[in-house]
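# Summary of structural features
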Amino acid sequence: MTSCFNGGAGWPEPVVRVQDVSDTCGDTIPERYVKPLSERPCLLPASGGVAGGPNIPVVDLSMLDVDATSRAVAGACREWGFFQAVNHGVRPELLRSARAAWRGFFRQPAEVRERYANSPATYEGYGSRLGTAKGGPLDWGDYYFLHLLPPSLKSHEKWPSLPSSLRGTTEEYGEEVLELCRRVMRLLSSGLGLEAGRLQAAFGGEGGEGACLRVNFYPRCPQPELTLGVAGHSDPGGMTMLLVDDHAKGLQVRSPDGEWIIVDPVPDAFIVNVGDQIQVLSNAAYKSVEHRVTVSAAEDRLSMAFFYNPRSDLPIAPMAELVGPGRPALYPEMTFDEYRVFIRQRGLAGKAQLQSLQANRAVAAAGGGCSAAVVSSTCS
């Protein structure tokens, strides 16, 4: 019998751990995890990410020519919204230690993992669903979500204590990836023709930004062709540094021509993608692109998504330098707190929220009415 947990913590229905479903469901997954036909993944190698096929750009961040590096990063984010960062400065041994520590957590007995069960109030802790809509779609994956910045939200007590190396390794990993994010922000800002620190300032400046980590665990699935580890979505935050599994593929990205391709990861690389907040700030010069995660019948997978975000109560809108005659602001002003209400209510839904903002802006420009503060709940 599949176990479930619902500690009265705000979820609309019992929360079932996908790890437990995987262990008990036999050859058939429960109906709640089956995606509509139009959303099911294409698992054929021919869909990309193989030798000779399309793949997201790879950028060497160790190039001595900073301008050339900035052009490469900006070009990838304008066309693809994604790139793989190699020679990025985060130590390979730290990447491996971080993955190993978190694999150790997901191998703990259920009673140990459940000590950290999360709630929809903050999502911090051990979770298995996004969105609070009762009866909503479920993805084939569990996760652990924790805050790194601002310091007021960071609490080691909410981080797993087992395995014993996890807290120290995660702290060290977070510090190094944070510095990498700040470096890429400077490259992105220069790529827009702005001062290197301009985009960072729009996030609240160094020390004023937000950062969090979501460690994803995708158990083996007997019918991977019917479900997804994470449904198609664009990331609602600023920028994501994704460390993927070192032995199994799973990330699919919408290519510029609209096709799904399977990303072929470069060893020890970070997969970097633009989030919705940078698309807004850049007035759509940089693209926040839809992506999703497939699962495997043969093995479990783990990935670590480091989300780098603007300060949550800071108004975000297209930067003034990127708006002018013939180049109107495409999005209304909104804080990240207001923006992510949509995600927390409905879960992941492609690019629906960003598209609703743009549509609302067009209505407002034409004399209609719908304020930015309520787009999340009433205008989308």
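Residues numbered from 1 in each chain as written. Predicted model: local features only at pLDDT ≥ 70, side-chain atom pairs only at ≥ 80, totals over all residues. Heavy atoms only, no water.

### Considering the sheet that holds strand β12 (residues 270-274)
Ordered by their spatial adjacency, eight strands build an open sheet running β3-β4-β12-β9-β14-β7-β6-β5, and the pairing between neighbours is mixed. On the outer flanks of this sheet lie β3 (58-60) and β5 (125-127), each paired with one strand and no other. Going across the sheet, the axis of each strand differs from the next one's by a mean of 25°, ignoring polarity. Where strand β9 (residues 239-243) meets strand β14 (residues 301-309), five bridges bridge the pair, whose relative direction is antiparallel. Opposite Leu-242, over in β14, you have Ala-305 as the bridge partner. (Pairing = 2+ DSSP bridges. Helix = DSSP H or I, 4+ residues; strand = E, 2+ residues; numbered from the N terminus. Axes fitted to C-alpha atoms, helices over the stretch in contact; angles between N-to-C directions.)

### Focus: helix α5 (residues 166-191)
Between its first and last C-alpha, α5 extends 37 Å over 26 residues, near the 38 Å set by a 1.5 Å rise per residue. Downstream of α5 by one or two residues, Gly-193 has phi in the positive range, about 80°. (Expected span 1.5 Å × (residues − 1).)

### Section: the layout of surface pockets
Counted as a void, the largest pocket has a volume near 920 Å³. A per-element tally of the lining of the largest pocket places strand β7 (residues 210-218) first, with six residues. By residue class, the composition of the lining of the largest pocket is 26 nonpolar, 14 polar and ten charged. (1 Å grid on protein atoms, 1.4 Å probe; cavity = no way out; pocket = protein on both sides within 12 Å on 5 of 7 lines; lining within 4 Å. Points joined across faces, edges and corners; volume = space filled by probe spheres on them. Nonpolar A, V, L, I, M, F, W, Y, C, P; charged D, E, K, R; others polar.)

### Points about the environment of Asp-23
Along the chain, Asp-23 falls in helix α1 (residues 18-24). Here the alpha-carbon distance between Asp-23 and Pro-219, two residues 196 residues apart in the chain, equals 8.7 Å.

### A closer look at the packing of helix α2 (residues 66-79) against α5
Between α2 and α5, the least distance of the axes is 8 Å, while the angle of their chain directions is 80°. Taken together, α2 and α5 sit at an angle that is classed as roughly perpendicular. Of α5, the residues touching α2 (which contributes Val-66, Thr-69, Ser-70, Val-73, Ala-74, Cys-77 and Arg-78) are Val-184, Leu-187, Leu-188, Ser-190 and Gly-191. In terms of residue class, the contact of α2 with α5 is made up of seven nonpolar, four polar and one charged. (Parallel < 35°, antiparallel > 145°, perpendicular 65-115°, else oblique. Contact = heavy atoms within 4.5 Å.)

### Quick word on the environment of Leu-149
Tracing the chain through its elements places Leu-149 in strand β6 (residues 142-149). Sequence separation between Leu-149 and Gly-210 is 61 residues; the distance between their C-alpha atoms is 4.7 Å. Excluding residues that lie within four positions of it along the chain, Leu-149 makes contacts with Leu-178, Arg-182, Glu-209, Gly-210 and Ala-211.

### Focus on the sheet that holds strand β8 (residues 230-233)
The strand order β8-β13-β10-β11 describes an open sheet built from four strands, whose pairing is antiparallel. Two strands close off the open sheet at either side, each with one partner strand: β8 and β11 (260-262). Strand after strand, the sheet turns through a mean of 20° between neighbouring axes, direction not considered. Pairing of strand β10 (residues 251-254) with strand β13 (residues 291-293), which is carried by three bridges, proceeds in the antiparallel orientation. Among the inter-strand pairings, Gln-252 is bridged to a residue of β13, identified as Arg-292.

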